[in-house]
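Single-letter residue listing:
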Amino acid sequence: MAETTKASTPKSEGSSGTGRLETERGTTSIAEVVVTKVAGIAAREVTGVHRLGNAVSRALGAVTQRLQVGDASTQGVNVEVTESDARVWMSVIIDYGESIPEVAQAIRDNVVRRIEATTGLHCAAVDIAVTDLYFPGDDDEPTPAAPSA
Amino acid sequence: MERPAHGEPSPRLVLAALVHDTALAVDGVVALDTGPGGLFVTAGGGERVPGVRCLAAPEGGYDVSLRLVCRLVPLPALAERVRAAVVTAATSAGLNAETVTITVADVVDEPA
C-alpha cells in the first residue's frame, strides 16, 4: 500500500529558528538590537561576570545613556544576524578569583540558551573577550556593581 | 467593502487603530514602535496610529505591518499569537488583513 497520506503541513519550516520566519500570512522578523539585548542580559545573569564592555565602550556607553540613545543592556555586545543564525561577540569584565574559562563557558551556554529560546534563532557562535578583571577597590564609579547575591 | 462617505474615517485608519489596540492587548507586547525617524505610522485625516502600517493589497484587503516592543518571551510564538489576534479582530470588524508582517523592534527586560 502506497502511503498516500496527504501531507497537510502548511508551516513545516520555522519551528527550528529562522530570524525571518515566513508564514502564510506574513513574515516575522527580529531586530538585531533584540538579539543584542537578549545576549547582554543572558551574560549578566552569569555569576562571576562583573560587567560587560571595556573601558572605551563604557565611556561611550555613559555618554549615549545620558543622551538616552543607548542602553546598558547592549553595551559591550555585538551581534550579527543572518536569516537563521546569530553570531555574538562580547567583551566582559570578570570578578577577580573566578575561573575565566569556566565563566566564559557559562556565559556561552546561557547566551545560546536564551537566544535560542527567546528569538528562535540558531546561535552559531559566542565569541568572548575578557577585557579586564574586577576586584574591590577598583570602583571607579559609584554604581550598584555586583549582581545582587 | 464600500468606500465611506466624505468625512467618515477611512477603513485603513479604522483597521490601523484596531490592529494597534489588538496587538497591545496581547500578553507580552509592551508597546508599538514608530521606527527610525518615527515614520512607521498610519496617518490620515488628522490621525496617527503609531507602529502600524496598513497598505491596500491587490486582493482587496490590506497588508498590515507592525513593529512591536516585547517582553523577553519566546518571540516567534508571541508573533504568531499577535498575527492570529490581528487577523481575527480584522475579520470580525468586516475588514481583511491579507498579510501581517511583524517586526520585533525591541525588547524590554521587565517582569510580566
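The notes below deal with the structure included here.

1. A closer look at the overall build of chain A
Scanning chain A for helices and strands turns up three helices and six strands. Put simply, chain A runs from its N terminus to its C terminus through helices and strands in the order β-β-α-β-α-β-β-α-β. Within chain A, buried positions represent 39% of all 149 residues. A sequence separation of at least 24 residues applies to 70% of the contacts in chain A between residues at least 6 apart.

2. A short note on the packing of aromatic side chains
All names here are of chain A. In the structure shown here, the tally under the stated rule is one aromatic pair over all chains. Consider the rings of Tyr 96 and Phe 135, whose centres lie 5.6 Å apart with planes at 70°: the pair is edge-to-face. Here the residue Tyr 96 occupies a position in the loop between strand S5 (85-95) and helix H3 (100-119), and Phe 135 occupies one in the segment after strand S6 (122-134), the gap between them amounting to 39 residues. Assessed through its relative accessible area of 41%, Phe 135 is described here as partly exposed.

3. Concerning the interface of chain A and chain B
With 19 residues of chain A in contact, the opposing surface of chain B contributes 22 residues. Carbon and sulfur atoms supply 55% of the area that chain A and chain B bury against each other, a total of about 1,600 Å² over both sides. Counting every contact that joins chain A to chain B gives one salt bridge. Summed over the shared surface of chain A and chain B, the result is 13 residue pairs in polar contact (both at pLDDT 80 or more). Elements supplying a minimum of two residues to the side of chain A that touches chain B: strand S1 (20-23), strand S2 (26-30), helix H1 (32-44) and H3 of chain A. By residue class, the composition of the side of chain A that touches chain B is eight nonpolar, eight polar and three charged. Bridging between S2(A) and strand S6 (residues 97-108) of chain B involves three bridges; their strand directions are parallel. Each residue of the ladder has a partner; that of A:Ser29, found in S6(B), is B:Thr103.

Rules of the game
- Residues numbered from 1 in each chain as written.
- Chains lettered and ligands numbered in written order.
- Predicted model: local features only at pLDDT ≥ 70, side-chain atom pairs only at ≥ 80, totals over all residues.
- Heavy atoms only, no water.
- Helix = DSSP H or I, 4+ residues; strand = E, 2+ residues; numbered from the N terminus.
- Buried < 20%, exposed > 50% of the residue type's maximum accessible area, 1.4 Å probe, protein only.
- Contact = heavy atoms within 4.5 Å.
- Phe/Tyr/Trp six-rings, centres within 6.5 Å; stacked < 30°, edge-to-face > 60°.
- Buried area = accessible area lost by both parts, 1.4 Å probe.
- Salt bridge = Lys/Arg side-chain N within 4 Å of Asp/Glu carboxyl O.
- Polar contact = N/O pair within 3.5 Å; in protein donor to acceptor, adjacent residues only side chain to side chain.
- Nonpolar A, V, L, I, M, F, W, Y, C, P; charged D, E, K, R; others polar.
- Pairing = 2+ DSSP bridges.

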